[in-house]
There are 2 protein chains.
Amino acid sequence: MATTEKPFDRAALEQLCTKRFFFAPAFAIYGGVAGFYDYGPTGCALMNNIISVWRNHFVLEEEMLELDTTVMNTYDVLKTSGHVDKFADWMCKDLKNGEIFRADHLVEAVLEARLQGDREARAAKEGAAAVDAAKQAGEAVKKDKKKKKKGTVVAVELPDEERKAYEEILAQIDNYGGPELAQLITKYNIRSPESGNELSMPQEFNLMFESQIGPTGQLKGFLRPETAQGQFLNFKKLLEFNNDKMPFASAQVGRAFRNEISPRSGLLRVREFTMAEIEHYVDPNNKNHHAFQDMKDVVITLLSKDVQLQGKTQTVEMSIGEAVEKKIIDNQTLGYFMGRIYQFLLKIGIKREKLRFRQHMDNEMAHYACDCWDAEIKTSYGWIECVGCADRSAYDLTVHSVRTKEKLVVREQLAEPRTVEKWQVEINKKTFGPKYKKNAKAVEEAILAYTDECFAELEKELTSKGTALVEADGQKFEVTKDDVTVKLGTVTEHVREYTPNVIEPSFGIGRILYSLLEHSWWVREDDEARNVLSFPALVAPFKVCVLPLSGNAEFEPLVKKFSRALRQNGVSTRTDDSKASIGRRYSRNDELGIPYAITVDFQTVQDNTVTLRERDSTKQIRDTFENILKIIKEAQ
Amino acid sequence: MATTEKPFDRAALEQLCTKRFFFAPAFAIYGGVAGFYDYGPTGCALMNNIISVWRNHFVLEEEMLELDTTVMNTYDVLKTSGHVDKFADWMCKDLKNGEIFRADHLVEAVLEARLQGDREARAAKEGAAAVDAAKQAGEAVKKDKKKKKKGTVVAVELPDEERKAYEEILAQIDNYGGPELAQLITKYNIRSPESGNELSMPQEFNLMFESQIGPTGQLKGFLRPETAQGQFLNFKKLLEFNNDKMPFASAQVGRAFRNEISPRSGLLRVREFTMAEIEHYVDPNNKNHHAFQDMKDVVITLLSKDVQLQGKTQTVEMSIGEAVEKKIIDNQTLGYFMGRIYQFLLKIGIKREKLRFRQHMDNEMAHYACDCWDAEIKTSYGWIECVGCADRSAYDLTVHSVRTKEKLVVREQLAEPRTVEKWQVEINKKTFGPKYKKNAKAVEEAILAYTDECFAELEKELTSKGTALVEADGQKFEVTKDDVTVKLGTVTEHVREYTPNVIEPSFGIGRILYSLLEHSWWVREDDEARNVLSFPALVAPFKVCVLPLSGNAEFEPLVKKFSRALRQNGVSTRTDDSKASIGRRYSRNDELGIPYAITVDFQTVQDNTVTLRERDSTKQIRDTFENILKIIKEAQ
């Protein structure tokens, strides 16, 4: 029986990850805290290798400008970016015992449990054999549900229309905000899963970790929830560094933090994580990509928002070229990056058939995004968002520019001067100073910062009523047509000035790493206890294990010599000279995902030949160490 | 005139670093916050390359176990490690305007200013020519002092004994705690430098950033002040991963945070920084190192604590072997790592004559250390601690073990069983339960956790008085000789159990990077405006710049082709096809520290040859692109 047909045994994989120290709960000897994990030597090496491939694939190959900006951010920056007000989840409380839940997860878990109960009740009617089948099919789901604290599944049949309603709700669960969740909780009588108590209505909880900068306690700071803001703040310097050429991208790898309400699902929902983000700055009038030709025939799997809003989850296979042409994907640049993301994930070992791009629904989108496709990877937890590919439009650069009065724009020399209609403003200095006194400057600046729509409005009011209200420094001031003259005139421009749009591929490295562990894991057919992690050599934590056949003293200097030679050639090695049998040590290697093993034996002492064992096939060849080294270097 | 003889023009270097975006104040468009910096494309690449060399030099070559643990740490962990109570600096406040100073820096700045005033006053007496000389010599110092807010230097001659006292204080300024600083402030009438107001006495200020984990607000967390604790917490898993073999090392690269009272000196004293730390676990009875033979003849520059306590700063040149033999360096392992640190720093381009190892004085040492040598690098700010190499003894593993009751020890199979004297305890279960009721277990555990000294004490009291007090769960309990029997007996041991000592080389990457910028910077003799940053190719931000001679359309496909070929060979490149003259673009390259430039010209179109220009010598050779590529790959 092929392993893929069995239900996924997540507990066994978790045990393997702990045993081989890929990762483990942080502060474990202190009892641990949910949502914090440490990576051990294997997990850390795997992560470093994934990041290194990412750097080559994106930063190096696409000549991006990599930055390293601060994790600590100020209140002002994140207030402007919208995170202080909007970067929140909805939580509700068990009104009696005080237990806290993330509202959308709670609704999801309870409705899923009811559907499962419905399936069991229906199966029971159809006889015992069918019950078993239903249970087995639901196994993976049930295990997951337990972690979601859904309480017990009760076998109760649901009316058809209720079942249908639940399914539709679940298909768009990410589309609901607090008020909608409150309605669902009331309508479907959702209660605290374990206690059965009533719940409070959902309240917003900001997900940023807060702190104080400096000894006075007066400067509020937050740990960044994304690495993006640090890149936007440096836009002007980056453009200059790029000799004012557009388009271009900045990139950053680093830590980010989200103070999750109730973390779960291992590495998939954590409070501290490593991200890799790209901010590609592009002319809003031209989102074509110079290398789109190379990408247009790549076929990917798509789940558009229209399909989801119908309560469905059918995907389509489509070339990126076709998807852009049909406007399913908005533009070439977005499509190009989706293709690059796809290539990157396959390169590190993610399985093609377990990878899809899902479009965000409108309410689901982050406050800054105008379109977003997630690369989702299928795991035993379901489809997991691992890379977001969002069009943030001009949102961030605009808000920071308005707030700081720093121009974050591109100035493009026009080939031909052009005549444009533009609002022209004249401030009457004679009346302005005496009238607004110390506020005069603020009122003037407020008017000068007006958008075209605001000028049109102002002109209308001044013409019709003779006065208008201007907001500055939080107060309202009345201006008259004697103070300000506004009119639409034509001007000749030699330079076009625009705020770039931003396409942002944003990678959750921990989630990708965990998915890769699931996709790489299998057990040998002849022996279920023999785990293998088939990482591509490119990202494997160590490339080669050097093993002496036994504890014989003659082997030691050769093991040291070969090991040093490998490392000098940039091949990361691990030596396993423990007393375990060679078979057991090969098994250990398989569990560490090391693609090659070099064994030193009695013949090696004679003629300098070694055996090379390949992990997946367990095939062995024998050759001189020098030839084996060449083979390994080529395979990297 | 050689550049080295001129006073160091720090302002010019800072300007260069900003212009070429090595680093810049974070949140600059919001006005910035002291102590936070962003690294631009050049600085980030330079830092990544330094870290990459570090990983090869330490983790790969010495087969260390690299970890990636959380930045957020819990209160419990850092309370146990001593950071909640002791990780603090002394600050004092201007009693009138509320300005806050770090106390030791304030005393240092004021006394240095008085000494400078003394030098100027004495020089004035000796005539105008001498004044100029003194001023020039003091130039670099003065510029620095301004940043320390020392106020104005007043030319006042000091009595000889006062001058001598100041010099002695400054030589051991790091040796003073709060009470000593308070004495100095009173004794020498030190006041707020700019206002002249009186100062508060020094108060402790904890340097950790605090936050709250989770939605309840009840779980206190801190941003780690060092990466070490995450490594110690995982000791047991690491030892197991290492097949229980000793000695071994773990390592980690990552962010750490210190909420400095008053950050200054650019990258040298910041609130957020990248560290690289090694924790080498070693048998306390045997701190020899297996590779010491390879290191013993390496000669390094030493400044021992004895010399400093005499108020002096003379260094000696000594081989590591001799220093260990003479017990100047405590043991082989400490010496070995000092040698490895030395080799690493030279490898990335730090100048040998500007590198010394300074031993910490007793009061200066961190609370966990029992010996510590800093690798100090000379910069225009003086000698800067860039790498600490501390012997943390068994401090951390012991305190975490005591607090969590998790054994963090090594068990070593003894070749021969041995007989040892050991305290044996018998708890009288019959009296214990009824007498201490719910506290019985705690009292028992408290006694069992006693050290040998405590057992000896307990035995003495029980024998002499018949009773003794035991502290458990914060209360005191009386035990009698009927409850507990304690006696010294002999036991045969087959296994030796010990807590390893830890040797910790700890690298401040930002400080090393800044020092490297200073050491690498020079200006061309023929043109002072032409800056060069002579990074070794190994760490240079980009290895090659590809330049078309002009904007001719025939060059573009060649530039693209060569650039792609270089990148496919893992050579990081930058293309400079801006309209500036070739000479100006070469200058720009020199400022970016790019070691090689490949120029595509009309001949290239004909015969595929290019010119290769070397940065430092400006020498050029011409050859086919393929040969040039070979040269570059070999030089990396």
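Since the model is a prediction, treat every value here as computed from it, not as a measurement. (Residues numbered from 1 in each chain as written. Chains lettered and ligands numbered in written order. Predicted model: local features only at pLDDT ≥ 70, side-chain atom pairs only at ≥ 80, totals over all residues. Heavy atoms only, no water.)

It is not clear to me how the sheet that holds strand E15 (residues 371-379) of chain A should be interpreted in this structure. Could you clarify?
The strands making up a sheet are joined through hydrogen bonds of the backbone, oriented either antiparallel or parallel. Residue and element names in this part refer to chain A. With mixed pairing, 9 strands are arranged side by side in an open sheet as E3-E10-E11-E21-E16-E15-E14-E12-E13. The open sheet has two edge strands with one neighbour each: strand E3 (65-66) and strand E13 (316-319). Where strand E12 (residues 299-303) meets strand E14 (residues 355-359), 2 bridges bridge the pair, whose relative direction is parallel. Of the residues in E14, the one forming a bridge with Leu 303 is Arg 358. (Pairing = 2+ DSSP bridges. Helix = DSSP H or I, 4+ residues; strand = E, 2+ residues; numbered from the N terminus.)

When you look at the interface of chain A and chain B in this model, what are you seeing that I'm missing?
Accessible area lost upon the coming together of the parts serves often as the stated size of an interface. Taken together, the 84 residues of chain A in the interface contact 84 residues of chain B. Contact between chain A and chain B buries roughly 6,800 Å² in total, counting both sides, with carbon and sulfur atoms accounting for 62%. Together, A:Ile29, A:Tyr30 and A:Phe241 form the three largest contributors to the area buried by chain A at its contact with chain B, with a combined 12%. Taken together, chain A and chain B are joined by 6 salt bridges. In this structure, the salt-bridge partner of B:Asp577 is A:Lys245, at a minimum N-O distance of 3.1 Å. Here chain A and chain B share 35 residue pairs in polar contact (both at pLDDT 80 or more) between them. Broken down by element, the residue count for the side of chain A that touches chain B peaks at 7 residues, all from helix H2 (residues 41-60) of chain A. Counted by class, the side of chain A that touches chain B contains 37 nonpolar, 24 polar and 23 charged residues. (Contact = heavy atoms within 4.5 Å. Buried area = accessible area lost by both parts, 1.4 Å probe. Salt bridge = Lys/Arg side-chain N within 4 Å of Asp/Glu carboxyl O. Polar contact = N/O pair within 3.5 Å; in protein donor to acceptor, adjacent residues only side chain to side chain. Nonpolar A, V, L, I, M, F, W, Y, C, P; charged D, E, K, R; others polar.)

Before we go on, may I ask you to explain the pairing of strand E26 (residues 596-600) of chain B in this structure?
Regular strands show a simple pattern: their side chains alternate between the two faces of the sheet. Residues and elements named next belong to chain B. Burial analysis of E26 places 5 of its 5 residues in the buried class, which makes it a mostly covered element. Burial along E26 is two-sided: Tyr 596, Ile 598 and Val 600 facing one way and Ala 597 and Thr 599 facing the other are all buried. The pairing of strand E24 (residues 544-548) with E26 spans 5 bridges and is classified as parallel. Along E26, the bridge assignment pairs Val 546 with Ile 598. Two elements, E26 and strand E27 (residues 609-614), share 4 bridges in a ladder whose sense is antiparallel. Within E27, the residue paired with Tyr 596 across the bridge is Glu 614. (Buried < 20%, exposed > 50% of the residue type's maximum accessible area, 1.4 Å probe, protein only.)

Explain the sheet that holds strand E4 (residues 72-74) of chain A to me, please; I cannot follow it from the model alone.
Residue and element names in this part refer to chain A. Taking strand neighbours across the sheet as the criterion, the 3 strands line up as E4-E9-E8 in an open arrangement whose pairing is antiparallel. One side of each edge strand has no neighbouring strand; the edge strands of this open sheet are E4 and strand E8 (210-213). Ignoring strand direction, the axes of neighbouring strands in this sheet form an average angle of 45°. Direction of pairing for E4 relative to strand E9 (residues 219-223): antiparallel, over a ladder of 3 bridges. Following the sheet pairing, Asn 73 is matched in E9 by Phe 222. (Axes fitted to C-alpha atoms, helices over the stretch in contact; angles between N-to-C directions.)

Explanation requested: the UniProt feature "transmembrane region" (unreviewed entry) in chain A in the structure shown.
Per the UniProt record, "transmembrane region" (unreviewed entry) is annotated on residues 21-40 of chain A. Helix makes up 0% of residues 21-40 of chain A and strand 30%, and the two end C-alpha atoms of the span are 5 Å apart. (UniProt positions renumbered as here; feature names shortened; annotations may be inferred.)

Sorry if this is basic, but what is going on with the relation of the copies chain A and chain B here?
Here two copies of a chain appear, and what relates them is a rotation about an axis with a shift along it. Under the fitted operation, chain A is carried onto chain B by 0.0 Å of movement along the axis and a turn of 180°, and the coordinates agree to an RMSD of 0.1 Å. Here the transformation between the copies is reduced to the relation of a two-fold axis. When C-alpha positions in chain A are compared against the rotation axis, the closest is assigned to A:Ser211, at 2.6 Å. A share of 100% of the interface residues of chain A reappears at the interface of chain B, consistent with the copies meeting face to face through the same patch. (Least-squares fit on C-alpha atoms with pLDDT ≥ 70 in both.)

What is the right way to look at the packing of aromatic side chains in this model?
For any pair of aromatic rings, the description rests on two quantities: the centre-to-centre distance and the angle between the ring planes. Under the criterion given, the structure shown has 46 aromatic pairs over all chains. Centroid distance B:Phe58 to B:Phe344: 5.9 Å. Interplanar angle 55°. Geometry classified as tilted. Taken together, the residues B:Phe58 in helix H2 (residues 41-60) and B:Phe344 in helix H14 (residues 332-348) connect sequence positions 286 residues apart. Residue B:Phe344 is classed as buried on the basis of its relative accessible area, which comes to 0%. Look at B:Phe562 and B:Phe625: their rings are 4.2 Å apart centre to centre, the planes differ by 20°, and that puts the pair in the stacked class. One end of the pair, B:Phe562, is in helix H20 (residues 555-568); the other, B:Phe625, is in helix H23 (residues 625-635), with 63 residues separating them in the sequence. Taken together, the ring pairs connect A:Trp54, A:Phe58, A:Phe344 and A:Phe507 into an aromatic cluster. (Phe/Tyr/Trp six-rings, centres within 6.5 Å; stacked < 30°, edge-to-face > 60°.)

Is there a simple way to explain helix H5 (residues 103-125) of chain A in this structure?
It helps to recall that an α-helix has 3.6 residues per turn; residues three or four apart then point in one direction. Residue and element names in this part refer to chain A. Under the 1.5 Å per step criterion, the end-to-end length of H5 is 33 Å for 23 residues, consistent within 8% with the ideal 33 Å. Among the 23 residues of H5, 18 are classified as buried, and the element is accordingly described as predominantly covered. Among the residues trailing H5, Gly 127 stands out with phi positive, at a value near 105°. (Expected span 1.5 Å × (residues − 1).)

So what exactly am I meant to see when it comes to the packing of helix H5 (residues 103-125) of chain B against helix H8 (residues 178-187) of chain B here?
A pair of packed helices is captured by two measures, namely the crossing angle of their axes and the spacing between those axes. All names here are of chain B. Where H5 contacts H8, the two axes come as close as 10 Å, and the packing angle between them is 35°. Helix-helix and strand crossings are classified by hand; for H5 and H8 the assignment is left-handed. Each of Ala 103, Asp 104 and Val 107 in H5 lies in contact with H8, whose residues at this interface are Leu 181, Leu 184 and Ile 185. Tallied by class, residues from the contact of H5 with H8 come to 5 nonpolar, no polar and 1 charged. (Left-handed = near helix turned anticlockwise from the far one by under 90°.)

I'm lost on the domain arrangement of chain A in this one. Help?
The domain architecture assigned to chain A consists of domain 1 (10-83 + 210-394 + 504-511), domain 2 (88-129 + 153-206), domain 3 (414-497) and domain 4 (542-635). Domain 3 of chain A and domain 4 of chain A are separated by 76 Å when their C-alpha centres are compared. (Domains from an automatic or database assignment.)

Looking at this structure, how should I read unusual backbone geometry?
If a residue is not glycine, its phi is most likely negative; likewise, a peptide bond is most likely trans. Residue and element names in this part refer to chain A. The peptide bond linking Met 246 to Pro 247 adopts the cis configuration, its omega dihedral lying at -15°. With respect to the secondary-structure elements, Pro 247 resides in the loop between helix H10 (235-241) and strand E10 (248-257). Even without a glycine there, the phi angle at Lys 405 is positive, about 65°. You can see Lys 405 is positioned in the loop between helix H15 (395-404) and strand E17 (410-427). Overall, the relative accessible area of 60% leaves Lys 405 in the exposed class.

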